[in-house]
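As a plain string of letters, each chain reads:
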Amino acid sequence: MYIRSIYAAALAAATTLPKDINVDDQTSIRSVASTLAYELMAWYTGNVTNTPQTIAVFPEPYYWWEAGAAWGAMLDYSHYTGDSSYDEVITQALLSQVGPKFDFMVPLHYGSEGNDDQAFWSFAVLNAAERNFPQPDDNIPPWLNIAENIWNSMVVRWNESSCGGGLAWQIFASNPNGMHYKNSVSNGGFFQMSARLARATGNDTYLHWAQKVWDWSQKVGFVDDDFNVYDGADSADNCAKVNELSFSYAQGIYLYGAAVLYNYTNGSQTWGDRTSGLLNAADSYFGPYENATNIMYEHACEPYELCTNDMKSFKGYLSRFMWATTRMMPSTLTRVQTLLNTSAVAAANACSGGENGTVCGQKWYVGGFDGVTGLGQQMTALETVQGLLAQEASPPLRAGQIKHVKGTNSTPTAMNPAPTSSPVPSPTSTKRLNAAGSAFVERRWILLSLCSVLTVYA
């Protein structure tokens, strides 16, 4: 299309191709991040079609939760790079999903909304609150109040009738496949939300709940003695047997929650030790082969060609929360940079596909583009690359600093901003995904398949 072809010419003349990234040069990093953000947003047309069914969501096969994750990534992009090109689209997307009670319980998406889905949208809302991202609509509460509303809607779902507590994967009985499964991402999401709200408000009710969820997660075995985070357990047998599959995003979610509590408690050794333990355990997601040291991969599925579309995005959240952890617990920076600087180069090399050499593949350890494209692949690379700028951006604001900003962002996003201007992606047709039931069948199948494969390879 015309807009995209104009962009292609400009791209060739004015930007750094991802494969040419220099991780020691902020200009190079910003340029590559801009390119990756553009390619991510090329998947989105909701602001063009502009209907309730398409605003904020991405076309199938991507579920509602991953849209929330994508807007969180784009908030990171705005904050780390100083490029506000997408801010209005981000604002429209977030505000369109607040729901009638301003808690991201959205009737249109009830068919696919679980506790973990809602948690991912809360991460984006908290990003907005902690950065004083503008919220211009007088008919909708400030970001921080919305985050508290989400938390209030989730805390009442804490269920001690089985497993001694915990949140189920799903919210509605109409989604029966997840009502009896308590998973680490739902509970870890609630843990991280509680930690961030404690720091953002100074209200120790949230601290109490963060500690409670952590203690329960360890007791039930979702977090083991070596700080590995496992997928979940079935409440039908009172969580007697933990599903020991592990995914990078769960590790990252608990990691950042612990780091926030370390910061909020003024350097508590307990939370410092837990953060360090979770970061050390994250090593299992790096270095699939001897010649791929410090390169991130999704160890449960990538080597076996079993990653679902959801799973292809998971690495991005580990990257996001590892970079964020360095701002809450600076002593983690050296280790995080060792892992993610290398991974950022590998990810950028994997983003060498497509007509312009800017489309991302899935596997970062193959030395280039593997031909497996998608929204998740763009997002994982973007989060890993743009996080290289995290130390130059202001840290998340805390209680007393967070304000309701209605107009232009009044809080500097970067200490040394060098804004870029990104083109608007050209529109393509889109269709809202509404076959929610297939998500549960797909996940259940993949878990069973992975268990079989891992048993064979053990």
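Residues numbered from 1 in each chain as written. Predicted model: local features only at pLDDT ≥ 70, side-chain atom pairs only at ≥ 80, totals over all residues. Heavy atoms only, no water.

J.: How should empty space enclosed by the protein be read in this particular structure?
T.: To locate leftover empty space, one rolls a probe as large as a water molecule over the atoms. Here the structure, examined in full by the defined rule, presents four cavities of 30 Å³ or more. The computed volume of the second largest cavity comes to approximately 150 Å³. Surrounding the second largest cavity, 16 residues form its lining, Tyr80, Arg131, Tyr256, Ala324 and Pro396 being those nearest its centre. Of all the secondary structure elements, the ones that give two or more residues to the lining of the second largest cavity are helix 4 (64-81), helix 6 (115-130) and helix 12 (314-328). (1 Å grid on protein atoms, 1.4 Å probe; cavity = no way out; pocket = protein on both sides within 12 Å on 5 of 7 lines; lining within 4 Å. Points joined across faces, edges and corners; volume = space filled by probe spheres on them. Helix = DSSP H or I, 4+ residues; strand = E, 2+ residues; numbered from the N terminus.)

J.: What am I meant to see in the packing of helix 2 (residues 26-41) against helix 14 (residues 375-386) here?
T.: For any two helices packed against each other, the geometry comes down to the angle between their axes and how far apart the axes lie. Two elements in contact, helix 2 and helix 14, have axes whose closest approach is 9 Å; the angle formed by their N-to-C orientations is 160°. It follows from the interaxial angle that helix 2 and helix 14 lie roughly antiparallel. Crossing geometry of helix 2 relative to helix 14 is assigned as left-handed. The segment helix 2 lies against helix 14, with Ile29, Val32, Ala33, Leu36, Ala37, Glu39 and Leu40 engaging Leu375, Gln378, Met379, Ala381, Leu382, Val385 and Gln386. (Axes fitted to C-alpha atoms, helices over the stretch in contact; angles between N-to-C directions. Parallel < 35°, antiparallel > 145°, perpendicular 65-115°, else oblique. Left-handed = near helix turned anticlockwise from the far one by under 90°. Contact = heavy atoms within 4.5 Å.)

J.: Just to check I follow, could you spell out the pattern of salt bridges for this structure?
T.: Oppositely charged side chains may form a pair once their charged atoms are brought near each other. Within the structure shown, the criterion is met by ten salt bridges. Between glutamate 160 and lysine 212 there is a salt bridge; the shortest N-O distance is 3.4 Å. Of this pair, glutamate 160 sits in the loop between helix 7 (143-155) and strand 1 (181-183) while lysine 212 sits in helix 9 (residues 204-220), and the two are 52 residues apart along the sequence. The closest approach of N and O atoms between aspartate 283 and arginine 335, which form a salt bridge, is 3.0 Å. Taken as a pair, aspartate 283 in the loop between helix 11 (269-281) and helix 12 and arginine 335 in helix 13 (residues 333-350) lie far apart in primary sequence, 52 residues in all. For arginine 335, a relative accessible area of 31% puts it in the partly exposed group. Put simply, Asp76, Arg131, Arg320 and Glu383 are held in one network by salt bridges that share partners. (Salt bridge = Lys/Arg side-chain N within 4 Å of Asp/Glu carboxyl O. Buried < 20%, exposed > 50% of the residue type's maximum accessible area, 1.4 Å probe, protein only.)

J.: Just checking my understanding: could you explain the side chain of glutamate 130 for this structure?
T.: Counting through the fold element by element, glutamate 130 comes out in helix 6. Of the residues examined, glutamate 130 reaches a relative accessible area of 5% and is grouped as buried. Aside from chain neighbours lying at most four places away, what touches glutamate 130 is Arg196, Pro396, Leu397 and Ile402.

J.: How do you make sense of the environment of tryptophan 216 when you look at a structure like this?
T.: Topologically, tryptophan 216 is positioned in helix 9. In this structure tryptophan 216 comes out as buried when scored by relative accessible area, which is 6%. Distance from tryptophan 216 to glycine 164, taken between C-alpha atoms, is 7.7 Å for residues 52 residues apart in sequence. Ignoring sequence-local partners within four residues, the contact set of tryptophan 216 consists of Trp158, Cys163, Gly164, Gly165, Gly166, Lys182, Asn187 and Phe222.

J.: Would you mind showing me how to read the sheet that holds strand 2 (residues 232-234) here?
T.: In any sheet, the strands associate via hydrogen bonds between backbone groups, in a parallel or an antiparallel arrangement. Here we have three strands laid out as an open sheet, ordered 1-2-3, and antiparallel in their pairing. Two strands close off the open sheet at either side, each with one partner strand: strand 1 and strand 3 (242-243). Sheet analysis places strand 2 next to strand 3, joined by two bridges and oriented antiparallel. The residue bridging alanine 233 from the neighbouring strand is valine 242, located in strand 3. The strands touched by helix 8 (residues 184-201) within the sheet are strand 1 and strand 2, with strand 1 carrying the most contacts at an inclination of about 45°. (Pairing = 2+ DSSP bridges.)

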